[in-house]
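Residues per chain are reported as follows:
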There are 2 protein chains.
Amino acid sequence: MAKVLVIEDERDLQQVLTYNLRQAGHDAISAERGVEGLRLARSEAPDLVLLDLMLPDLAGTEVCRSLKEDVTTRAIPVVMLTARGEEIDRVVGFELGADDYIVKPFSVRELLLRIQAILRRASAPSDRPPAEASIEFGCLRIDRDAHRVWVDEHEIELTALEFRLLVTLYERRNRVQTRSALLDDVWGIQADITTRTVDTHVKRLREKLEGARDYVETVRGVGYRFKGSPDEASA
Amino acid sequence: MAKVLVIEDERDLQQVLTYNLRQAGHDAISAERGVEGLRLARSEAPDLVLLDLMLPDLAGTEVCRSLKEDVTTRAIPVVMLTARGEEIDRVVGFELGADDYIVKPFSVRELLLRIQAILRRASAPSDRPPAEASIEFGCLRIDRDAHRVWVDEHEIELTALEFRLLVTLYERRNRVQTRSALLDDVWGIQADITTRTVDTHVKRLREKLEGARDYVETVRGVGYRFKGSPDEASA
DNA sequence: TGTCTGTGTGACGAAACGGTGACGACGTCG
DNA sequence: CGACGTCGTCACCGTTTCGTCACACAGACA
């Protein structure tokens, strides 16, 4: 399906990862050190990189930065692995350009799902316009780059989390997102969060959305859905 | 019906299981230890493995892992049995590749129902196209992603349960679904539900379906059936 | 036609679900 | 250090949804 480069020094974990990736039909290659990983990333042109943050030589963050600085590897999605102890601020990971972020111990199943999602997002940029930087939707305007949102020409202040929640819902408009799907996509996979937390943040988001609050619909017993415009819905 | 391998060291429980499996028309073989179980799994090619998590020699988790690593046994569905005390995180079970998961004490009937469901799922994965996201059928339109349903261009509001019931019936259109089959597929695995409950929900569904209500037919003495279009029916 | 079994229907109590406000933990910044 | 902002969790409450029951009704069969 796709070629995945695993950069991970712990042998056991590396084995588990490559094994499961191959099980899932992927092509897996691996490196134990950062420099080797960078080399492979350039020569093998993987579709995705799984990167441990703790490596013997280079810090994972450095590897990530390098990957994102190099023109030949810049476009490759990076998924970071971090132990629970070393919890970086999630934002730092995304700042470095990581596309996703997983805290150990994680479930292999969930990891694979995430990889699928990222590959899908990366591989099919054609059927869905590759994330517009600026979104205009009814009375709502979102500037992704600037992380700013306006409702009826008047700016509202969202936290980073609320912003991600809004954008995620918007990107999947007209599709119900279950709470766990949202936890995956917005929070980043950590299952140690109550699903009710999603509700709370939806509430906070709605409050701030004021006149645009009705775009976020509740689907009882299932999850939440961003209401697309009528014509889009029927399309 | 199917060949089931029971790997369970407690004699009593093993007896009960094999007895009931045979009662239900299955072919049951059993092992008391993990290694023996693995051997039988390879030589007997069962259709399903019932695996206790607590075994005298190997841990059930190890057995499961081995089953899933071996090419010849990989495809066999595994159902895990665990005592309530040893509650594993459910995710761990699925990580190991278990297909289902039952906590003791369980009702034999429930176990059998689960086994049925898994066998049904495993036996016919290919004959049916992977579920269309949008369904158009006569005056009925179903959008699975959005969880919305229209009858004659006019949207109707279904509860989550009603939606699942409708989709399930539709997916198996032209085939009668017994009440217990529906309980399995729509309700999940709550065996503690009266079959009459199905009737009630069919009634509620029909009410909301208005002009499309006749798609849901009653087959007296058997169950319910979604009436496919005439040409499909004869196909 | 009468009986018997199986299904439709309406009502009711219990449980589940989601919205909401409050609280404490944590990190940041002045 | 204290004030502030953000986030995760919890408890409460109104509403919806669900499961069950009793009874009416319909089809099968003699």
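Everything here concerns the structure above.
Now for a description of the structure that goes with this document. (Residues numbered from 1 in each chain as written. Chains lettered and ligands numbered in written order. Predicted model: local features only at pLDDT ≥ 70, side-chain atom pairs only at ≥ 80, totals over all residues. Heavy atoms only, no water.)

1. Some words on the overall build of chain A
- A count of helical and extended segments in chain A gives nine helices and twelve strands.
- By sequence separation, contacts in chain A at least 24 residues apart represent 55% of the contacts at least 6 residues apart. (Helix = DSSP H or I, 4+ residues; strand = E, 2+ residues; numbered from the N terminus. Contact = heavy atoms within 4.5 Å.)

2. A short note on the protein's contact with DNA strand C
- The local shell around DNA strand C holds 25 residues, among which Arg196, Thr218 and Tyr224 of chain A together with Thr218 and Tyr224 of chain B are the closest.
- A share of 53% of the atoms of DNA strand C within 4 Å of the protein falls on sugar and phosphate groups.
- Within the contact set of DNA strand C, a base nitrogen lies 3.5 Å away from a side-chain nitrogen or oxygen of Arg204 of chain B.
- In the model, a phosphate oxygen of DNA strand C is placed 2.6 Å from a nitrogen or oxygen of the Thr218 of chain B side chain.
- Residue assignment for the surface near DNA strand C shows that the elements contributing at least two residues are helix 8 (196–209) of chain A together with helix 8 (196–209) and strand 11 (216–219) of chain B. (Near = heavy atom within 4 Å. Polar contact = N/O pair within 3.5 Å; in protein donor to acceptor, adjacent residues only side chain to side chain.)

3. Notes on the protein's contact with DNA strand D
- Not every one of the 23 residues close to DNA strand D is listed here, only the nearest: Thr159, Thr197 and Arg204 of chain A together with Thr197 and Arg204 of chain B.
- Within 4 Å of the protein, the contacting atoms of DNA strand D are drawn from sugar and phosphate to the extent of 64%.
- One of the side-chain N or O atoms of Thr159 of chain A is found 2.5 Å from a phosphate oxygen in DNA strand D.
- Among the elements of the structure, helix 8 of chain A together with helix 8 of chain B are those that each provide at least two residues to the surface near DNA strand D.
- Ranked by the residues each element gives to the surface near DNA strand D, the list is headed by helix 8 of chain A, at five residues.
- Looking at the surface near DNA strand D residue by residue, the class counts come to six nonpolar, ten polar and seven charged. (Nonpolar A, V, L, I, M, F, W, Y, C, P; charged D, E, K, R; others polar.)

4. Quick word on the pattern of salt bridges
- On inspection of all chains with the given rule, the structure shows 20 salt bridges over all chains.
- Linking Arg172 of chain A and Glu171 of chain A is a salt bridge whose minimum nitrogen-to-oxygen distance equals 3.9 Å.
- Connected via shared salt-bridge partners are Arg144, Glu171, Arg172 and Asp185 of chain B. (Salt bridge = Lys/Arg side-chain N within 4 Å of Asp/Glu carboxyl O.)

5. Regarding the pairing of strand 3 (residues 48–52) of chain A
All names here are of chain A.
- Of all five residues that make up strand 3, five are buried, and the element is covered over most of its length.
- Residues Leu48, Leu50 and Asp52 of strand 3 are buried on one face, and the alternating residues Val49 and Leu51, pointing to the opposite face, are buried as well.
- In this sheet, strand 3 lies alongside strand 1 (residues 3–7) in parallel orientation, the contact comprising four bridges. Counted as the bridge partner of Ile7 is Leu51 from strand 3. (Buried < 20%, exposed > 50% of the residue type's maximum accessible area, 1.4 Å probe, protein only. Pairing = 2+ DSSP bridges.)

6. Section: the nonpolar core
- Leu140, Ile142, Val149, Leu166, Leu209 and Phe226 of chain B are the most contacted members of the largest nonpolar core, which has 28 residues in total.
- At the level of elements, strand 6 (134–137), strand 7 (140–143), strand 8 (148–151), helix 6 (160–171), helix 7 (179–187), helix 8 and strand 12 (223–226) of chain B are the ones that each hand at least two residues to this core.
- Counting residues per element, this core draws most heavily on helix 6 of chain B, at seven residues.
- Residues contacting Leu166 of chain B, with those up to four places away along its chain left out, are Leu140, Ile142, Val149, Leu158, Leu205, Leu209 and Phe226 of chain B.
- Val149, Val151, Val186 and Val198 of chain A belong to the second largest nonpolar core, which has 27 residues in total. (Core = buried A, V, L, I, M, F, W, Y, C linked by side-chain atoms within 4.5 Å.)

7. Some details on the packing of helix 7 (residues 179–187) of chain A against helix 8 of chain A
Residue and element names in this part refer to chain A.
- Between helix 7 and helix 8, the shortest axis-to-axis distance is 9 Å and the interhelical angle comes to 70 degrees. Taken as axis vectors, helix 7 and helix 8 run roughly perpendicular relative to one another. Listed contacts from helix 8 to Arg179, Leu182, Leu183 and Trp187 of helix 7 are Thr197, Val198, Asp199 and His201.
- Looking at the contact of helix 7 with helix 8, its residues break down into four nonpolar, two polar and two charged. (Axes fitted to C-alpha atoms, helices over the stretch in contact; angles between N-to-C directions. Parallel < 35°, antiparallel > 145°, perpendicular 65-115°, else oblique.)

8. Digging into the packing of aromatic side chains
- Counting across every chain of the model gives ten aromatic pairs over all chains.
- Taking 5.4 Å as the distance between ring centres and 15 degrees as the angle between the ring planes, the aromatic pair formed by Tyr215 of chain A and Phe226 of chain A counts as stacked. Residue Tyr215 of chain A is located in the loop between helix 8 and strand 11 (216–219), and its partner Phe226 of chain A is located in strand 12 (residues 223–226); the two are separated by eleven residues in the primary sequence. In terms of burial, Tyr215 of chain A and Phe226 of chain A fall into one category: buried.
- For the pair Phe137 of chain B and Tyr215 of chain B, a centre-to-centre distance of 5.1 Å together with 75 degrees between the ring planes defines the contact as edge-to-face. One end of the pair, Phe137 of chain B, is in strand 6; the other, Tyr215 of chain B, is in the loop between helix 8 and strand 11, with 78 residues separating them in the sequence. The pair Phe137 of chain B / Tyr215 of chain B is uniform in exposure class, with both members buried.
- These aromatic residues form a ring-pair network of at least three members: Phe137, Tyr170, Tyr215 and Phe226 of chain A.
- In this structure, Arg141 of chain B is placed above the aromatic ring of Trp150 of chain B, and the distance from its NZ or CZ to the ring centre is 4.1 Å. (Phe/Tyr/Trp six-rings, centres within 6.5 Å; stacked < 30°, edge-to-face > 60°. Lys NZ or Arg CZ within 6 Å of the ring centre and 35° of its normal.)

9. Thoughts on the packing of helix 2 (residues 34–44) of chain B against helix 3 (residues 60–69) of chain B
Residue and element names in this part refer to chain B.
- Interhelical geometry of helix 2 versus helix 3 gives an angle of 20 degrees and a closest axis separation of 10 Å. As judged from the angle between their axes, helix 2 and helix 3 are roughly parallel. Of the two elements, helix 2 crosses helix 3, and the hand of that crossing is right-handed. Of the residues in helix 3, those in contact with Gly34, Leu38 and Ala41 of helix 2 are Val63, Ser66 and Leu67.
- A per-class count over the contact of helix 2 with helix 3 returns four nonpolar, two polar and no charged. (Left-handed = near helix turned anticlockwise from the far one by under 90°.)

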